[in-house]
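Read off the chains here:
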Amino acid sequence: MLRLLPLVRPVIAAFVGVVLIYLVLPTFVVLPLSFSAQEYLSFPPQGFSIKWYQRLAANPTWLDATLNSLMIGIPTALLSMVLGTLGALAVVRGSLVRASLLSALLVAPMMLPHVILAIGLYPVMLELGLLRSHSAAILAHTVIGIPLVFLTVTASLRSYSGSLERAAMTLGANLWQTFWKVTLPMILPGVMVGGILAFASSFDELMLSLFMTGATTRTLPRLMWEQMSDFLTPVIAAAASLVFAFSLVMLGMAALLQKRSSTAGGGAHG
Amino acid sequence: MASRGASVALKGLTKRYGTVVALAPTDLVVEPGEFFSLIGPSGSGKSTLLGSVAGFLPPTAGRIELDGKDVVSVPPYQRNLGMVFQSYSLFPHMSVFENVAFPLRLRKVGSGEIKRRVERMLEIVRLPQLGSRRPEQLSGGQQQRVALARAAVYDPRLLLMDEPLGALDKNLREEMQYEIRQFHRTLGATILYVTHDQDEAATLSDRIAIMKDGRIAQVGGPRELYEKPGNAFVAGFLGEANLFDVADVKANGSDRVLITTRDGLQLASDRRDASLAGSLVACIRPEALAIQQEGAAPQTQCRSYIPGRVQDVVYTAGTVRYHVTTVTGARCLVKLTSQRHLPQFDVGQAVTLACSSADTLLIQKE
């Protein structure tokens, strides 16, 4: 077996390379498409031009949709951070009898098809008169944002013993002080990463946005989807490329935060 | 200095989880400035008792009095006691200095005063240069010394320690035992200390409570517990003991009794407690036994003789241990200080074990 190793390693490396290409290549296809000189989406693209980016910038519909996405994504992230963190605290540090059941319920929206969620939320929002408002989308996206924050904060809380909080209390910190001075600095990277993931999931989300938003509140994915069925020009590829770049930046931030928290044991505090 | 410690009195302290009794109604008084240890196997209730005093485990019934005041309804952060944990529990996002300053900042102490007190405390635990370090840059022993400093910097009159040396290796543990002794002498606070290490408890403590099944089996000084164990569990838990089930006890003169063990050995014991009742055991410590060749002349001070055969001989630094099987089939341990002039016995050799009646203890089985 040991003598085989020099042979086995390059084979494994090649296999891993193929899988990685399979995973990321479809995403990268939009990049060359967006620089195409042709009037319609085709692969491989012919020529080179940046006119699709210019046309994207010139059309206020795209800017409006971007603003809508941010106005929905940022509150979604904040709301998910608060609720997901509270849930994680209850499950990991609380003395609940049914902690595992609660944990399963909190994660469930991640497994559920968004279309089911959308069908369920639609009449509720209609009844509340929130349909086609930003609030409707925020509430819907928070449902799928909470599990993301819950999972990252749960991991943060499990990475250190609850005796830190007990120590703080014997030293004179009340529950509120214990949370702000000990718990939060310890879990902050987890909360931030969860918040970024919640924002990203809202920013990418189509199904719930289709049901919840209207003409004035439509998000970027919804606009792209509508344009796809109507025009199918490389403008969509240009928009997708920008969304892709933006997501990449956020992913990088999340990875950086995670790396920092694992090397510094929490360190987000001077 | 000792007067700075708080007194602790537990009155009928009880903790039940449903029908499971973690702590049976317990009474205990710890004197101001005393170093008091709780030892016992896991699940014996020692950590439950400590957790109740700290305020993490609300008791089912009973009172916890610190300096005569009941604190059962007082939350942990208002009990003003210090606690040291097995896992150190230093805040990783703060420097060593900030860790020790943490309780002072909560108490709104001025920054000049904080600096003075933290530096003094770090000197007491002999880490004066390490204030700017992060906890993760310190060794386990250093981290626990920082934890000691942090738990004591606000002059709590009671310090709780939950197996503070449990995570350290043996050599470091002995060094830290010395540190903790010095620390106790310097501060004068009352210390309530939980450990499962009987040697550690004996080294550190003024008094020890041995716990079993949610009850205190016996309270006493280390010497008292070793020399006058109240029952077979205490005798076996603190040090080693040869225990023989007693079948019959007869008076033998005015100050001695003759014991017949269940397997038929005859032992002489000084008459002890008249209150002994129920099942009894005879207890002989391994170092109280002398070993001699079979048929050798009786020794003047010895009145109990046990014939047997050497099963095994183990030499460890400074000590010889003979494992002897008696003629009645019981196993007996003899521990001698290794000395050149002592005769040596080989495996299989017939020997006689001898013991004075003063060292043959007649104690309660339960």
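How each quantity is defined
Residues numbered from 1 in each chain as written. Chains lettered and ligands numbered in written order. Predicted model: local features only at pLDDT ≥ 70, side-chain atom pairs only at ≥ 80, totals over all residues. Heavy atoms only, no water. Contact = heavy atoms within 4.5 Å. Buried area = accessible area lost by both parts, 1.4 Å probe. Salt bridge = Lys/Arg side-chain N within 4 Å of Asp/Glu carboxyl O. Polar contact = N/O pair within 3.5 Å; in protein donor to acceptor, adjacent residues only side chain to side chain. Helix = DSSP H or I, 4+ residues; strand = E, 2+ residues; numbered from the N terminus. Nonpolar A, V, L, I, M, F, W, Y, C, P; charged D, E, K, R; others polar. Phe/Tyr/Trp six-rings, centres within 6.5 Å; stacked < 30°, edge-to-face > 60°. Buried < 20%, exposed > 50% of the residue type's maximum accessible area, 1.4 Å probe, protein only. Lys NZ or Arg CZ within 6 Å of the ring centre and 35° of its normal.

## Let's talk about the interface of chain A and chain B
Interface size is commonly expressed as the accessible surface area that is lost when the partners come together.
For step 1, the next point in the chain: Facing the 22 residues of chain A at the interface are 22 residues of chain B.
For step 2, the next point in the chain: The junction of chain A with chain B conceals about 1900 Å² of combined surface from both sides, 69% of it contributed by carbon and sulfur atoms.
For step 3, the next point in the chain: Considering only the side of chain A, the residues that lose the most area to chain B are Leu164, Thr170 and Leu171 of chain A, jointly responsible for 34% of the buried surface there.
For step 4, the next point in the chain: In this structure, the connection of chain A to chain B is made through zero salt bridges.
For step 5, the next point in the chain: Taken together, the links from chain A to chain B amount to six residue pairs in polar contact (both at pLDDT 80 or more).
For step 6, the next point in the chain: Counting only elements with at least two residues in the side of chain A that touches chain B, the list comes to α7 (163-170) and α8 (175-204) of chain A.
For step 7, the next point in the chain: Broken down by element, the residue count for the side of chain A that touches chain B peaks at seven residues, all from α7 of chain A.
For step 8, the next point in the chain: Residue composition of the side of chain A that touches chain B, grouped by class: 11 nonpolar, nine polar and two charged.

## Comments concerning the packing of aromatic side chains
For step 1, the next point in the chain: For the structure on display, the rule yields 13 aromatic pairs over all chains.
For step 2, the next point in the chain: Each ring, one from Phe35 of chain B and one from Tyr193 of chain B, has its centre 5.4 Å from the other, and the planes form 45°; the classification is tilted. One end of the pair, Phe35 of chain B, is in strand β3 (residues 35-39); the other, Tyr193 of chain B, is in strand β8 (residues 190-195), and 158 residues separate them in sequence.
For step 3, the next point in the chain: Here Tyr322 of chain B and Phe345 of chain B contribute two aromatic rings whose centre-to-centre distance is 5.9 Å and whose plane-to-plane angle is 75°, an arrangement assigned as edge-to-face. Here Tyr322 of chain B is found in strand β17 (residues 319-326), whereas its partner Phe345 of chain B is found in the loop between β18 (331-337) and β19 (350-356), with 23 residues between them in sequence. Here the two residues Tyr322 of chain B and Phe345 of chain B agree in accessibility, since each one is buried.
For step 4, the next point in the chain: Counting every residue linked through ring pairs, the aromatic cluster contains Phe35, Phe48 and Tyr53 of chain A.
For step 5, the next point in the chain: A cation sits over an aromatic face here: Arg93 of chain A above Tyr160 of chain A, 4.7 Å from the ring centre.
For step 6, the next point in the chain: Looking at Arg285 of chain B, its charged tip hangs above the ring of Tyr226 of chain B, at a distance of 3.9 Å from the centre.

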